[in-house]
Amino acid sequence: MKKLRIAPSILSADFARLGEEVTRVIAAGADVIHFDVMDNHYVPNLTFGPMVCEALRPYTKAPIDVHLMVRPVDALVPMFAKAGADIISFHPEASEHVDRTLALIRDHGCRAGLVLNPATPLNALDHVMDRLDLILLMGVNPGFGGQGFIPETLRKARAVRALIDNHVGMNGRPIWLEVDGGVKASNIREIAEAGIDTFVAGSAIFGARDEDGGYQDIIATLRRELVNAAGDMRRAA
Ligand code: DX5
Ligand code: ZN
């Protein structure tokens, strides 16, 4: 049974206490830290850069999953690799040379990912499956947290899951299938059953702080839904 990972997006965290927030979500059982980089060019919002990633690195050994919503892309790759990123993903529309950017990410020792917006067709993956360690499906149009999940993403997830399983079946390297945007306790189970294995959640997690300031309850709730999904998938297999 494939591992199911929870990846809190710190875009919804308390920016005045980012290190503490990272420590607390990982202590509550999250697996990956999702780091949203917005440049007010590729998306209509502005967030943080490599210096913030570098400052957060000592707070956790968990993988830092950098989601680049920037144009151009390449100049930031070595900077985030040096800042401690483990995974770097970008949008194909934002790079002039997708194959070159994917290779650049791996050349700097990071895992490489491609992000598909809701309207981006799957053929963006053609000819680069061997260069991918992660495929990220946007459940919303990028740029903001707290948006509603686009249901069409489920059909796309099933199609990409089939592509990945076929690729891995042909001796390909494993590829994580991640969803980002609009993930909640109420929909994470059906998203898992559509083939997703890594779940980014921002407002659902950081908007549900426990009384003691931690995130035990919400992470436990999400994990329970994933365990139920895994049970459903085992029974259906
Ligand atoms: C949006 C970002 C997401 C966002 C998710 O462009 O890439 O990572 O923070 O936030 P929620 O889970 O609140 O939709
Ligand atoms: Zn993101």
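To be clear, the structure that these remarks concern was listed above.
Let us look at the structure shown here.

Thresholds, definitions, all that
Residues numbered from 1 in each chain as written. Chains lettered and ligands numbered in written order. Predicted model: local features only at pLDDT ≥ 70, side-chain atom pairs only at ≥ 80, totals over all residues. Heavy atoms only, no water. Donors = N, O, S within 2.8 Å, 3.2 Å for Na, K, Ca; no water. Tetrahedral: all angles 85-135°; square planar, octahedral: opposite > 155°, others 65-115°. Helix = DSSP H or I, 4+ residues; strand = E, 2+ residues; numbered from the N terminus. Core = buried A, V, L, I, M, F, W, Y, C linked by side-chain atoms within 4.5 Å. Buried < 20%, exposed > 50% of the residue type's maximum accessible area, 1.4 Å probe, protein only. Contact = heavy atoms within 4.5 Å. Near = heavy atom within 4 Å. Polar contact = N/O pair within 3.5 Å; in protein donor to acceptor, adjacent residues only side chain to side chain. Nonpolar A, V, L, I, M, F, W, Y, C, P; charged D, E, K, R; others polar. Expected span 1.5 Å × (residues − 1). Arc of directions from axis to C-beta.

Where a metal carries four tetrahedral donors, each ideal angle is 109.5 degrees; where it carries six octahedral donors, the ideal angles are 90 or 180 degrees. Taken together, the protein donors to the zinc ion (ligand 2) comprise His-34 (NE2), Asp-36 (OD), His-67 (ND1) and Asp-180 (OD), at separations of 2.0 to 2.3 Å. Around the zinc ion (ligand 2), the 6 donor atoms are arranged such that angles at the metal cover 71 to 172°; this shape is classified as octahedral. Considered as a linear motif, the donors of the zinc ion (ligand 2) on their single chain read H-x1-D-x30-H-x112-D. Here His-34, found in strand β2 (residues 33-38), pairs with Asp-180, found in strand β7 (residues 176-180); they are 146 residues apart in sequence, far enough to count as distant.

A word on the nonpolar core. Residues Ile-10, Phe-35, Val-66 and Ile-135 are the most contacted members of the largest nonpolar core, which totals 72 residues. Counting residues per element, this core draws most heavily on helix α8 (residues 216-236), which supplies 6 residues. In contact with Val-66, not counting residues within four places along its chain, are Phe-35, Val-37, Cys-53, Phe-80, Ala-85, Ile-87, Ile-88 and Ser-89. If you look at the next biggest cluster of nonpolar residues, it comprises 10 residues, including Ile-87, Leu-134, Val-140 and Val-200.

Around ligand 1, the surrounding shell holds 20 residues, and the nearest of these are Asp-36, Gly-143, Asp-180, Gly-202 and Ser-203. Note that an oxygen atom of ligand 1 is positioned 2.8 Å from one of the backbone N or O atoms of Gly-143. With 3 residues, the top contributor of residues to the shell around ligand 1 is β2. A per-class count over the shell around ligand 1 returns 8 nonpolar, 10 polar and 2 charged.

Another point: the environment of Asn-45. With respect to the secondary-structure elements, Asn-45 resides in the loop between β2 and α2 (50-56). Placed 99 residues apart in sequence, Asn-45 and Phe-144 show a C-alpha to C-alpha distance of 7.4 Å. Asn-45 has contacts with Met-38, Asp-39, Asn-40, Gly-143 and Phe-144, leaving out every residue within four places of it along the chain.

Okay, helix α5 (residues 152-169) next. Helix length check: α5 (18 residues) gives 26 Å between terminal C-alpha atoms against 26 Å at 1.5 Å per residue, within 8%. Turning to α5, its buried residues are Thr-153, Leu-154, Lys-156, Ala-157, Val-160, Arg-161, Ile-164 and His-167. Across the axial projection of α5, the buried residues extend over an arc of 150°, all falling on one side. For α5, the exposed residues set more than 90 degrees away from the buried face come down to Arg-155 and Gly-169. Looking at the residues trailing α5, positive phi occurs at Asn-171, about 65°.

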